[in-house]
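Structural characterization, general
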Amino acid sequence: MHKLLLAALTAGAMIVATVAQAKTLGVVALLANDALNIAVIGGVTEAAKAAGWDVKVTDTQASADQANAAMNSFAAQKVDAIFVLAFASSSIGSGLAAARDAGIPVATWGGEIVPGIVVTTSGRQVGDDSVKFLLDKVGGKADVLAMTFHPGKLCIDRGIAFDEGVKGKSDVKVDYSEVTAPGQVQFGNATAAAWLTAHPAGGDKPLAIWACWDEPMQGAVAAMRQAGRTDVTTVSINGSPQALQLVKEGDLTATVWQPAYQEGKEVFQAILDSIKAGASWQPKDIQIPGIVVTKDNVDKFMAEHPNGT
C-alpha cells in the first residue's frame, strides 16, 4: 500500500512539475480576425506548440492603448515571451517597459527594433512590389485611390513604399483615404463607390485603386461590381484566401502575397534563439520575399500554397 501511495505521489509530482515547466507565449494581435493576423498567429502557434509552449492571444481591435494593456497583463502573468502584431514600436512604450522590467523578450511583426525587442519583420518589400506592379500596369500615369492605415506598422511601411513609388510622377494623381478599422471592408466599399462616381469610365487617364491590405480592397471590388466597372486596375497586399479568389475570378488585378505563416514560425524560432543566446543576442530583422499574384499565375500559386500559406 505504501509503495502504491509513494508511486502515485511521485507520478503526481511529475505531472505538476511538467505543468510548471510549460512556457507561454503572449500574442498581442492588431486585428485577430484579419486574414494576415490569422496566418501569422497560425504560424507562430504551430512552432510554439511543437516546442511545448502554450499560446495566449489578445485581440486589441487596432487600439494601441489595448496593446499596451495586453502587454502589461502578460508581463504581470510572467509569460515567457510576447509577440506584438503590426503596432509601431513607438506606440507600445508602456508595454515594452513592463516587459523589460519583467525580463520578458518581445518580438514584433512589423515594428521597429528598439530596446527590448529581439526580432521583427518588415512590410516594406511587398509595398515596393505592389506600387511597381501598379505603375507598370497603368503605364506610369493614372488617377489613383490609395487606401492607407496608419495604426498598423506594416501598412505604414507599405504606405511609405507607395509614396516613394509615385513621388515625382506628374502624371500620377493620388487621392488618399485613411481606412477605419474594424469595419475595413465596409469602409473600402463606401470609399471606392464615391471615388468611382467621381471618376467615370472613359476618361483620358487610366484609373487604379491601391490598398495597403486586402480587406479594404474586398469592399472596393464589391463597389466596382455594383457599379459594373471593369476599367480600374486594383492592387492590394497580403494574399489572403479571399483576395486570391478575387484574382482568380478576374475581379482583382493583383495581390502581393506576404508569407505571414512562415514569418510567424521564423519569429518564434528567433525568440527561442534569443533566449538561448542571452545577453549576446543581436536583434534580428526577418525578411522573406513575397509574390505578386495575378490572373497569370494564380492557379499555380494556389496549388503551391494551399490556404494561402
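Whatever comes next refers back to the structure up there.
Because the structure is predicted, anything quoted here is derived from the model rather than measured. (Residues numbered from 1 in each chain as written. Predicted model: local features only at pLDDT ≥ 70, side-chain atom pairs only at ≥ 80, totals over all residues. Heavy atoms only, no water.)

Observations regarding the sheet that holds strand E6 (residues 142–148)
Stated precisely, the cut-off is as follows: Whether two strands pair depends on DSSP finding at least two bridges between them. The way it works is that DSSP assigns letters per residue, a run of H or I at least four long becomes a helix, a run of E at least two long becomes a strand, and they are numbered from the N terminus. Axis definition: a line fitted to C-alpha atoms, limited for helices to the stretch in contact. Angles are taken between N-to-C directions and run from 0 to 180 degrees. Two residues qualify as a contact provided that any one of their heavy atoms is within 4.5 Å of a heavy atom in the partner residue.
Strand order in the open sheet formed by six strands is E7-E6-E8-E9-E10-E12, and the pairing between neighbours is mixed. Each end of this open sheet is capped by a strand with a single partner; those strands are strand E7 (172–178) and strand E12 (291–294). Neighbour to neighbour, the strand axes of the sheet diverge by 20° on average, direction disregarded. Note that strand E9 (residues 232–238) and strand E10 (residues 254–257) share four bridges and pair parallel. Counted as the bridge partner of Asn238 is Trp257 from E10. Lying on the sheet, helix H7 (residues 184–198) is in contact with E6, E7, strand E8 (207–211) and E9; it crosses E6 at an angle near 160°.

Some remarks on helix H4 (residues 93–101)
Heads up, the condition is: Think of it in three bands: residues with accessible area under 20% of the maximum for their type are buried, residues over 50% are exposed, and the middle band is partly exposed, with areas taken using a 1.4 Å probe on protein chains only. What the arc measures is the spread of directions leading from the helix axis to the C-beta atoms.
All buried positions along H4 are accounted for by Gly95, Leu96, Ala98 and Ala99. Projected onto a plane normal to the axis of H4, the buried residues spread over an arc of 160° and lie on a single side. Where H4 is buried, its residues touch helix H3 (64–77), strand E3 (81–85), strand E4 (106–109) and strand E5 (117–121). Backbone geometry just downstream of H4 places Gly103 in the positive-phi region, at approximately 70°.

Things to note about the sheet that holds strand E2 (residues 54–59)
Reading across the sheet, the six strands line up as E2-E1-E3-E4-E5-E11 and stay open at both edges, with parallel pairing between neighbours. Looking at the sheet topology across the chains shown, the edges are occupied by E2 and strand E11 (284–286). On average, each strand axis in the sheet is inclined to that of its neighbour by 20°, with strand direction left out of account. Sitting on the sheet, H3 is in contact with strand E1 (24–29), E2, E3 and E4, with an inclination near 170° to E1.

Section: the pattern of salt bridges
Put simply, the rule is: One side-chain nitrogen of Lys or Arg within 4 Å of one carboxyl oxygen of Asp or Glu is enough to make a salt bridge.
For the coordinates displayed, the defined rule picks out 13 salt bridges. Residue Asp175 is joined to Lys173 by a salt bridge in which the shortest nitrogen-to-oxygen separation is 3.0 Å. In this structure Asp175 comes out as partly exposed when scored by relative accessible area, which is 23%. Residues Glu304 and Lys300 are paired through a salt bridge, measuring 2.8 Å at the closest nitrogen-oxygen approach.

Some details on the state of the cysteines
For the record, the criterion: Disulfides are defined as cysteine sulfur pairs within 2.5 Å.
The tally for this structure, following the rule as stated, stands at one disulfide. With a sulfur-sulfur separation of 2.1 Å, Cys155 is cross-linked through a disulfide to Cys212. A torsion of 85° about the S-S bond marks the disulfide between Cys155 and Cys212 as right-handed. Taken together, the residues span a long stretch of sequence, with Cys155 in helix H6 (residues 153–166) and Cys212 in the loop between E8 and helix H8 (214–227) at a distance of 57 residues.

Quick look at the side chain of Thr253
Keep this limit in mind: Two N or O atoms form a polar contact when they lie within 3.5 Å of each other; inside protein one atom must be a possible hydrogen donor and the other a possible acceptor, and for residues adjacent in sequence the pair counts only when both atoms belong to side chains.
Relative to the assigned elements, Thr253 resides in the loop between helix H9 (241–249) and E10. A distance of 2.9 Å separates a polar atom in the side chain of Thr253 from the backbone nitrogen of Thr234. With residues up to four places along the chain from it excluded, the contact list for Thr253 reads Phe133, Lys137, Val232, Thr233, Thr234, Val247, Val293, Thr294 and Lys295.

Taken by themselves, the reported measurements are silent on function.
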